[in-house]
Amino acid sequence: MEVVLAKSSGFCFGVKRAVDKVYEQTKTEGKKIYTYGPIIHNEEVVKDLEEKGVVVINDKDELANTHEGCVVIRSHGVSKDIYELIEQNHLECVDATCPFVKRIHNIVEKESANGRKIIIIGNDGHPEVEGIKGWSKTPACVIESKDEAEKFTTDKDEKLCIVSQTTFNYKKFKDLVEIFEKKGYDIIVANTICNATEERQREALELAAKADVMIVIGGTHSSNTRKLYELCKSECEHTYYIQTLADLQLELPNSVELVGITAGASTPNKIIEEVQNYVRINF
Ligand code: F3S
């Protein structure tokens with residue numbers, strides 16, 4: 001029996017980089033380390049870091065009351081005023097904003113300074129979108145649906161700059177941009193979608209199509225893991241959704257030749273390896 005791990009399982013480049021940066025900080029003894037928001041959507045990692053003394057700052061007020069140590073900014077990035085507050089409070093800043101997100105901040109800052117109104121295609125309230133908003137010199141507008149795009153109106157001479165949340169669906173983004181283009185404004189469009197999610201889904205689907213059994217690892221609240229599970233299930237009837245090795249109750253008939261494994265964006269390598277080794281050794 002063969003066990004195959006999908007290539008882009010687990011952390012994407014930006015999340016891995018952010019998590020590594022926090023662990024790196026914990027090597028300095030006696031240092032007070034904070035992350036602005038949980039570094040990742042994974043309880044086990046956050047708990048492990050907590051045991052190493054890392055404290056999560058939940059909002060701006062908590063940050064305003066912090067005056068010592070180092071603050072790690074997670075891959076989602078933050079608005080400009082958070083950097084200013086970190087500096088004001090004489091805190092060390094470890095910036096783990098994903099470079100793909102940083103690129104959006106730069107575009108938004110520059111184009112809004114040039115007088116363009118910023119349109120963010122994404123989910124209002126998502127931390128990444130909140131961060132992007134905070135780099136615009138003028139109030140940015142968040143558009144999530146066709147309906148919102150159709151209803152959008154502004155002065156006809158107004159110039160626009162459209163960017164996207166990195167994890168937004170490409171097809172939906174294109175459809176929404178088309179609606180704006182038909183309105184006749186002077187528009188700059190920056191496709192700032194990151195393909196890490198799409199890549200992970202495509203590889204999982206390919207593997208599921210060949211596998212007799214698929215194991216999808218990730219948190220129960222992780223929407224990208226759920227999506228992976230649904231995709232795999234559509235190709236492979238025997239698809240299991242587990243959080244950790246402890247949830248795995250596999251009974252494999254002798255006829256099974258290929259077991260595929262994939263994992264959501266916030267599943268640590270350690271858990272993926274444990275599952276992989278277990279299946280290899282026990283079946
Ligand atoms: Fe990950 Fe950065 Fe893309 S955090 S999903 S590599 S934008």
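The sections below set out a description of the structure shown in this document.

**Quick look at the overall build of the protein chain**
Stage number 1. Of the regular secondary structure elements, the protein chain holds eleven helices and twelve strands.
Stage number 2. Considering the protein chain as a whole, with its 283 residues, one finds that 47% of them fall into the buried category.
Stage number 3. Put simply, 69% of the contacts in the protein chain that link residues at least 6 apart link residues at least 24 apart.
Stage number 4. By element, 46% of the accessible surface of the protein chain is carried by carbon and sulfur atoms, the whole surface being about 14900 Å².
Stage number 5. Counting 36 positive and 47 negative side-chain charges, the protein chain places the averaged centre of each group 5 Å from the other.

**What to know about the packing of helix H9 (residues 196-210) against helix H10 (residues 223-235)**
Stage number 1. Relative orientation of the contacting elements H9 and H10 amounts to 30 degrees, with a least axis distance of 8 Å. With respect to H10, the element H9 is oriented roughly parallel. Classified by chirality, the crossing of H10 by H9 is right-handed. Counting all contacts with H9, which are made through Arg 200, Gln 201, Ala 204, Leu 205, Ala 208 and Ala 209, the residues of H10 involved are Asn 224, Lys 227, Leu 228, Leu 231, Cys 232, Ser 234 and Glu 235.
Stage number 2. Classifying every residue of the contact of H9 with H10 by side-chain character gives seven nonpolar, three polar and three charged.

**With respect to the pattern of salt bridges**
Stage number 1. Applying the stated rule across the entire model yields 17 salt bridges.
Stage number 2. Where Glu 199 meets Arg 202, a salt bridge forms, and the shortest distance between an N and an O atom there is 3.4 Å. Taken together, the positions of Glu 199 and Arg 202, both in helix H9 and three residues apart, correspond to about one turn of that helix.
Stage number 3. For Arg 202, a relative accessible area of 41% translates into the label partly exposed.
Stage number 4. The partner of Arg 202 in a salt bridge is Glu 206, and the shortest N-O contact between them spans 2.9 Å. One end of the pair, Arg 202, and the other, Glu 206, are both in helix H9, four residues apart, so they sit about a helical turn from each other.
Stage number 5. It is possible to trace a salt-bridge network through shared partners that takes in Lys 110, Glu 111, Arg 116 and Asp 186.

**A few points about the site of the ligand**
Stage number 1. Around the ligand lies a shell formed by Cys 12, Gly 14, Ser 75, Cys 98, Phe 100, Thr 166 and Cys 194.
Stage number 2. Across the shell around the ligand, the residue classes tally to four nonpolar, three polar and no charged.

**A look at the pairing of strand E6 (residues 117-121)**
The side chains of a regular strand alternate between the sheet's two faces.
Stage number 1. Within E6, five of the five residues are buried, leaving the element largely enclosed by the surrounding structure.
Stage number 2. Both faces of E6 are covered, namely the face carrying Lys 117, Ile 119 and Ile 121 and the face carrying Ile 118 and Ile 120.
Stage number 3. As defined by bridge partners, E6 adjoins strand E8 (residues 159-164) across five bridges and the pair is classed as parallel. Residue pairing for E8: Ile 118 is matched across the bridge by Cys 161.
Stage number 4. Where E6 lies against strand E7 (residues 141-143), three bridges are found, and the strand directions are parallel. Looking across to E7, one finds that Ile 121 is bridged to Ile 143.
Stage number 5. On the question of chirality, the crossover connecting E6 to the parallel E7 by way of helix H6 (residues 127-133) is right-handed.

**A short note on the nonpolar core**
Stage number 1. With 24 residues, the main nonpolar core has Tyr 36, Leu 63, Val 71, Ile 86, Val 108, Ile 120 and Val 163 as its most contacted residues.
Stage number 2. Going through the elements one at a time, strand E2 (33-36), strand E4 (70-73), helix H4 (80-88), helix H5 (99-113), E6, H6 and E8 are the ones with two or more residues in this core.
Stage number 3. Element by element, the count of residues in this core is highest for H4, at four residues.
Stage number 4. Each of domain 2 (13-97) and domain 3 (100-189) accounts for three or more of the residues forming this core.

So, how was this worked out
- Within each chain, residue numbers correspond to sequence positions counted from 1 in written order.
- It should be noted that, the model being predicted, local features are given only for residues of pLDDT at least 70 and side-chain atom pairs only at 80 or more, the latter also being counted only at that level, while totals for whole chains, interfaces and linings use all residues.
- Derived side-chain values reflect all non-hydrogen atoms in the structure, with water molecules and hydrogen atoms excluded from consideration.
- The numbering of helices and of strands both runs from the N terminus, where a helix is a DSSP run of H or I of at least 4 residues and a strand a run of E of at least 2.
- Summary of the burial criterion: residues with accessible area below 20% of their type's maximum are buried, those above 50% are exposed, and those between are partly exposed, where the area comes from a 1.4 Å probe applied to protein chains only.
- Note on contacts: a residue pair is in contact if any heavy atoms of the two residues lie within 4.5 Å.
- Surface accessibility in these figures is a Shrake-Rupley result with a 1.4 Å probe; residues are shielded only by whichever protein chains are displayed.
- The positive count covers Lys and Arg only, the negative count covers Asp and Glu only, and His and the chain ends enter neither.
- Taken as the charge location is NZ of Lys, CZ of Arg, CG of Asp or CD of Glu.
- Axis lines are fitted through C-alpha atoms, for helices just across the contact stretch, and the angle between N-to-C directions can take any value from 0 to 180 degrees.
- Roughly parallel means an angle under 35 degrees; roughly antiparallel means over 145; roughly perpendicular covers 65 to 115; every other angle is labelled oblique.
- Should the near helix be turned anticlockwise from the far one by less than a right angle, the crossing is termed left-handed; should it be turned clockwise, right-handed.
- Basically, the charged four are Asp, Glu, Lys and Arg, the nonpolar ten are Ala, Val, Leu, Ile, Met, Phe, Trp, Tyr, Cys and Pro, and anything else, Gly included, counts as polar.
- A side-chain nitrogen of Lys or Arg and a carboxyl oxygen of Asp or Glu constitute a salt bridge if their distance falls within 4 Å.
- Here, proximity means that at least one heavy atom of the residue falls within 4 Å of the molecule or strand.
- Two strands pair if DSSP finds at least two bridges between them.
- We call a crossover right-handed when, viewed with the strands running away from us, the connection from the first strand over the helix to the second turns clockwise.
- Residues belong to one nonpolar core when they are buried, are Ala, Val, Leu, Ile, Met, Phe, Trp, Tyr or Cys, and are joined through side-chain atoms within 4.5 Å.
- Reported domain spans reflect what an automatic or database domain assignment gives.

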